[in-house]
Amino acid sequence: DGLMQTVENGDSIKVEYVGTFPDTGEEFDKSEGRGPLEFVAGSGRVVAGFDEAVIGMKLNEEKTVTIPPEKAYGTLADAKRVEAPVSQIGDGNVTVGTTVYTNTGMQGTIIAIDENKMATIEFVHPLAGKTLQFWIKIVEIEKA
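Residues numbered from 1 in each chain as written. Predicted model: local features only at pLDDT ≥ 70, side-chain atom pairs only at ≥ 80, totals over all residues. Heavy atoms only, no water.

**Thoughts on the environment of T102**
Inspection of the secondary structure puts T102 in the loop between β6 (99–101) and β7 (107–113). According to the relative accessible area criterion, T102 is partly exposed, its value standing at 26%. Sequence-wise, T102 and E38 are 64 residues apart; in three dimensions their C-alpha atoms are separated by 27 Å. (Helix = DSSP H or I, 4+ residues; strand = E, 2+ residues; numbered from the N terminus. Buried < 20%, exposed > 50% of the residue type's maximum accessible area, 1.4 Å probe, protein only.)

This is the structure:
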């Protein structure tokens, strides 16, 4: 039809991207060396701000977007807190500040231990509370 295709919700797309922290310019993630990221636009497989950014983009279009924490990995207030007996954590020799991992690989930090030896563990994404910047380039659009 000669018209440039644009990304809409439900389209299968491939993007090249570079993620940086806007305040420092430090890279935390990129597609280079791994091949393009493939996902269905609007499906929630990527963070909300990234999903929103690709809608309406054209093939081979590039753009840089800044995504606030609430549209990225959440704010620090979104952290999940879990209580567990100290005896069940690692070797049982833990203190406040100890880093723990769940069987799914989530990272948590012990923020309190009460007199009954119950530990409060806070799970928070390492990028929670951070504003992220992504350079995005659409390399393939497969219409839904």
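**Observations regarding the nonpolar core**
By size, the foremost hydrophobic cluster in this structure holds 22 residues, and its most contacted members are I13, V15, F50, V54, F134, I136 and I138. Going through the elements one at a time, β1 (12–20), α1 (48–54), β4 (62–67) and β9 (132–142) are the ones with two or more residues in this core. Sort the elements by how many residues they give to this core and β9 lands first, with five residues. Sequence-distant contacts of V54, that is, excluding residues within four places in its chain, are made with V7, I13, V15, F39, A41, I136 and I138. With nine residues, the next largest nonpolar core counts I89, V94, V100 and F123 among its residues. (Core = buried A, V, L, I, M, F, W, Y, C linked by side-chain atoms within 4.5 Å. Contact = heavy atoms within 4.5 Å.)

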